[in-house]
Amino acid sequence: AQSVTQLGSHVSVSEGALVLLRCNYSSSVPPYLFWYVQYPNQGLQLLLKYTSAATLVKGINGFEAEFKKSETSFHLTKPSAHMSDAAEYFCAVSDSSGNKLVFGAGTILRVKS
Amino acid sequence: DTEVTQTPKHLVMGMTNKKSLKCEQHMGHRAMYWYKQKAKKPPELMFVYSYEKLSINESVPSRFSPECPNSSLLNLHLHALQPEDSALYLCASSQERQGKHEQYFGPGTRLTVT
C-alpha cells in the first residue's frame with residue numbers, strides 16, 4: 001500500500017525566510033506525488049504534482065518540490081515566505097490509476113512577521 | 001477553468017433528516033470523488049465515480065448514498081446521520097488520462113449533525 005509521511009505537524013518561519021516542508025513516500029510502484037494547500041474553512045488547492053517527467057517540479061505561488069528516489073522524498077520548498085503562505089499543507093500519493101489519493105497528516109505553516 | 005462548485009456551503013441537520021450535498025464541475029472530467037475531512041485531519045476518501053459508475057466505495061455506512069446523474073454532477077444523499085458524521089465534505093474531480101491524475105477540489109460543505 002502506498003503512504004506518505006509528513007515530518008513536523010507544525011512549522012514556523014519568519015517572513016522572507018526559506019520554507020521547507022518534508023514529505024517521504026512509500027510506494028512499491030513509481031508514484032504520482034502531489035502537494036496541496038488548504039486555507040482555513042476552504043477546500044484543497046493543488047500546488048504542484050510529480051508524474052515522472054522531471055524531478056524538480058515548479059508549482060504555483062513560488063513553490064517547488066524535488067523528487068528524490070534514493071531518499072524516497074518529495075520535500076516542498078519556497079525561497080522566501082510570505083504572510084499569505086500561512087496555511088495547512090498536505091503531501092499526497094496515488095498509484096497509476098490516480099483514483100486512490102492517500103494524504104499525509106498535514107503540516108501547518110505559520111509565518112511570523 | 002479548474003473550478004469545482006459545491007452546495008450548500010453550510011448544512012445543519014437533525015439525525016432524522018434527509019438532505020443532499022451537490023457537486024458540479026464543467027471541466028470535462030470523468031472521475032469524481034467524495035471525501036470526508038474531520039477537524040485537524042487529512043481528507044479521507046469515501047467514494048469514486050469513474051465514467052458515471054461507482055468504482056470505489058471505501059466501506060462507507062449506508063446512511064451516505066452517492067449518486068452521479070451525469071458526467072458533471074455528483075450528489076451525496078444523507079439520511080439518519082450521527083453527530084460523529086459532522087465534518088467538512090469535499091468533492092473533487094480529475095481526468096481519466098495517464099499523467100493527468102491531479103484532483104481538483106471544491107470548497108466543501110461544512111456539515112453539522114445535531
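For the structure, check the block above.
Criteria and thresholds
- Residues numbered from 1 in each chain as written.
- Chains lettered and ligands numbered in written order.
- Predicted model: local features only at pLDDT ≥ 70, side-chain atom pairs only at ≥ 80, totals over all residues.
- Heavy atoms only, no water.
- Helix = DSSP H or I, 4+ residues; strand = E, 2+ residues; numbered from the N terminus.
- Rg over C-alpha atoms; globule rule 2.2 N^0.38 Å.
- Buried < 20%, exposed > 50% of the residue type's maximum accessible area, 1.4 Å probe, protein only.
- Areas by Shrake-Rupley, 256 points an atom, 1.4 Å probe, with all protein chains shown as cover.
- Lys, Arg positive; Asp, Glu negative; His and termini not counted.
- Charge placed at Lys NZ, Arg CZ, Asp CG, Glu CD.
- Contact = heavy atoms within 4.5 Å.
- Buried area = accessible area lost by both parts, 1.4 Å probe.
- Salt bridge = Lys/Arg side-chain N within 4 Å of Asp/Glu carboxyl O.
- Polar contact = N/O pair within 3.5 Å; in protein donor to acceptor, adjacent residues only side chain to side chain.

Visitor: Explain the overall build of chain A to me, and be specific about the residues and the numbers.
Guide: A count of helical and extended segments in chain A gives zero helices and 11 strands. The secondary structure elements of chain A, listed N-terminal to C-terminal, are β-β-β-β-β-β-β-β-β-β-β. In terms of C-alpha radius of gyration, chain A reaches 13 Å, essentially the compact-globule figure of 13 Å for 113 residues. Taken over 113 residues, chain A has a buried fraction of 44%. Surface accessibility of chain A: about 5300 Å² in total, with carbon and sulfur atoms responsible for 53%. If you average the places of the 9 positive and of the 7 negative side-chain charges in chain A, the two averages end up 2 Å apart.

Visitor: So, the interface of chain B and chain A: which residues are in play, and what are the values?
Guide: Between chain B and chain A, the contact holds 25 residues from the first and 21 residues from the second. In this assembly, chain B packs against chain A so that about 1800 Å² is buried in total across both faces, 52% of it on carbon and sulfur atoms. The largest share of the area that chain B buries against chain A comes from B:H101, B:E102 and B:F105, three residues that together contribute 27% of it. One salt bridge connects B:E102 with A:K49, and the closest N-O pair in it is separated by 2.8 Å. Joining chain B to chain A, the criterion identifies seven residue pairs in polar contact (both at pLDDT 80 or more). Of all elements in the fold, only β4 (31-37), β5 (44-50), β9 (87-94) and β10 (104-105) of chain B reach the threshold of two or more residues within the side of chain B that touches chain A. For the side of chain B that touches chain A, the element with the highest residue contribution is β4(B), accounting for four residues.

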